[in-house]
Amino acid sequence: MAFPEDVLTEQEEVVLHLAPHWKVAVLPIAVLLLSVTGEILAWVMLPGTEGGRIGLWLVTAILLWYSVRYAVRPLVIWRFTHYVLTDERILLQHGVLVRERRDLPLNRVNDHALAQSVLDRMLGSGTLTVDSIGDQSAVLAGLPHAQRVQNTLYELIEHSPAPDDEDEEAEPEEETAPAPRRGLFRR
């Protein structure tokens, strides 16, 4: 898994670098195998006449469409999706031709929740939803080793500086009482 190191700051260290769980690739691989099987069956079963060749081309076009749409495309997306946890933020990156990257600073995380089905629990995967200040959330779907990742995220959040700590380093301003308002009926 290649992830560009130039998106990280000088002091930032990668704690976890993950891709979606392999279970995401099972259905696309099954579709690809069914398409190849269907093509072989059509080649063997259809007669060698001109009508058989037209039928074979039609079956090939249909199976090629479904293979690209439901097998190749999901496998490529699976391969180019990255979940990176650093000591400062969570980076989500996906895309092949058009890449989209999302950063979520750890000091702005409010809540994180893990959802696992029975199959997810057996395979050790799950969906981790991370909520942050400002109604932003990030969903890490099909996350491998989900409980370990959630525990690591909790530890990283506990050790990251709070947003209020950064403000305390600056000199505190003296608070002054607001001047009394004078209106039509007040003096």
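What you see is a predicted model, and the numbers here were worked out from it, not measured in a lab.

**Description of the overall build of the chain**
For step 1, the next point in the chain: Counting its secondary structure elements, the chain contains five helices and seven strands.
For step 2, the next point in the chain: Helices and strands appear in the chain in the N-to-C order β-α-α-β-β-β-β-α-β-β-α-α.
For step 3, the next point in the chain: Taking all 187 residues of the chain together, 30% fall into the buried category.
For step 4, the next point in the chain: Residue pairs at least 24 apart in sequence account for 54% of intrachain contacts in the chain once pairs closer than 6 positions are excluded.
For step 5, the next point in the chain: Just so you have it, the chain exposes about 13600 Å², and 58% of that area is on carbon and sulfur atoms.

**Digging into the sheet that holds strand 3 (residues 89-94)**
For step 1, the next point in the chain: Read from one edge to the other, the open sheet built from four strands follows the order 1-2-3-4, with strand pairing classed as antiparallel. The open sheet has two edge strands with one neighbour each: strand 1 (14-18) and strand 4 (100-105). On average, each strand axis in the sheet is inclined to that of its neighbour by 15°, with strand direction left out of account.
For step 2, the next point in the chain: As judged from the four bridges shared by strand 1 and strand 2 (residues 82-86), these two strands associate in the antiparallel manner. Bridging across to strand 2, Leu16 finds its partner in Leu85.
For step 3, the next point in the chain: This element, helix 4 (residues 146-159), spans strand 1, strand 2 and strand 3 of the sheet and lies at about 155° to strand 1.

**Some points on a nonpolar patch on the surface**
For step 1, the next point in the chain: Residues Leu32, Leu64, Val68, Val72, Val76, Phe80, Val96, Leu97 and Val98 make up a contiguous nonpolar surface patch of about 810 Å² in total accessible area.
For step 2, the next point in the chain: Residue contributions to the nonpolar patch peak at four residues, all from helix 2 (residues 50-79).
For step 3, the next point in the chain: The residue Val98 is located in the loop between strand 3 and strand 4 in this model.

**Regarding the packing of aromatic side chains**
For step 1, the next point in the chain: Summed over all chains, the structure comprises one aromatic pair.
For step 2, the next point in the chain: Look at Tyr66 and Tyr70: their rings are 5.6 Å apart centre to centre, the planes differ by 15°, and that puts the pair in the stacked class. Of this pair, Tyr66 and Tyr70 are both found in helix 2, four residues apart, which corresponds to roughly one turn of the helix.
For step 3, the next point in the chain: The exposure class of Tyr66 is partly exposed, given its relative accessible area of 41%.
For step 4, the next point in the chain: The exposure class assigned to Tyr70 is partly exposed, which follows from its relative accessible area of 39%.
For step 5, the next point in the chain: One residue, Arg79, lies across the ring of Phe80, its end atom 5.7 Å from the ring centre.

**Examining the side chain of Ser35**
For step 1, the next point in the chain: Tracing the backbone shows Ser35 in helix 1 (residues 26-45).
For step 2, the next point in the chain: What makes Ser35 buried here is its relative accessible area of 7%.

**Quick look at the packing of helix 1 against helix 2**
For step 1, the next point in the chain: Interhelical geometry of helix 1 versus helix 2 gives an angle of 170° and a closest axis separation of 8 Å. Considering the angle they form, helix 1 stands roughly antiparallel to helix 2. Here helix 1 contributes Pro28, Ile29, Val31, Leu32, Ser35, Gly38, Glu39, Ala42 and Trp43 to the contact with helix 2, which in turn contributes Leu56, Val59, Thr60, Leu63, Tyr66, Ser67, Tyr70, Ala71, Pro74 and Leu75.
For step 2, the next point in the chain: In the contact of helix 1 with helix 2, the residues fall into 14 nonpolar, four polar and one charged.

**Description of the sheet that holds strand 5 (residues 109-115)**
For step 1, the next point in the chain: Read from one edge of the open sheet, three strands run 5-6-7, paired in antiparallel fashion. Edge positions in the open sheet fall to strand 5 and strand 7 (136-144), since each of these has one partner strand only. Averaged over all pairs of adjacent strands, the angle between strand axes in this sheet comes to 15°, irrespective of strand direction.
For step 2, the next point in the chain: Sheet topology note: the strand 6 (residues 125-132)/strand 7 ladder contains seven bridges and is antiparallel.

Calculation rules
Residues numbered from 1 in each chain as written. Predicted model: local features only at pLDDT ≥ 70, side-chain atom pairs only at ≥ 80, totals over all residues. Heavy atoms only, no water. Helix = DSSP H or I, 4+ residues; strand = E, 2+ residues; numbered from the N terminus. Buried < 20%, exposed > 50% of the residue type's maximum accessible area, 1.4 Å probe, protein only. Contact = heavy atoms within 4.5 Å. Areas by Shrake-Rupley, 256 points an atom, 1.4 Å probe, with all protein chains shown as cover. Pairing = 2+ DSSP bridges. Axes fitted to C-alpha atoms, helices over the stretch in contact; angles between N-to-C directions. Patch = residues over 30% accessible without salt bridge, like charges linked within 9 Å, V, L, I, M, F, W, Y side chains within 5 Å. Salt bridge = Lys/Arg side-chain N within 4 Å of Asp/Glu carboxyl O. Phe/Tyr/Trp six-rings, centres within 6.5 Å; stacked < 30°, edge-to-face > 60°. Lys NZ or Arg CZ within 6 Å of the ring centre and 35° of its normal. Parallel < 35°, antiparallel > 145°, perpendicular 65-115°, else oblique. Nonpolar A, V, L, I, M, F, W, Y, C, P; charged D, E, K, R; others polar.

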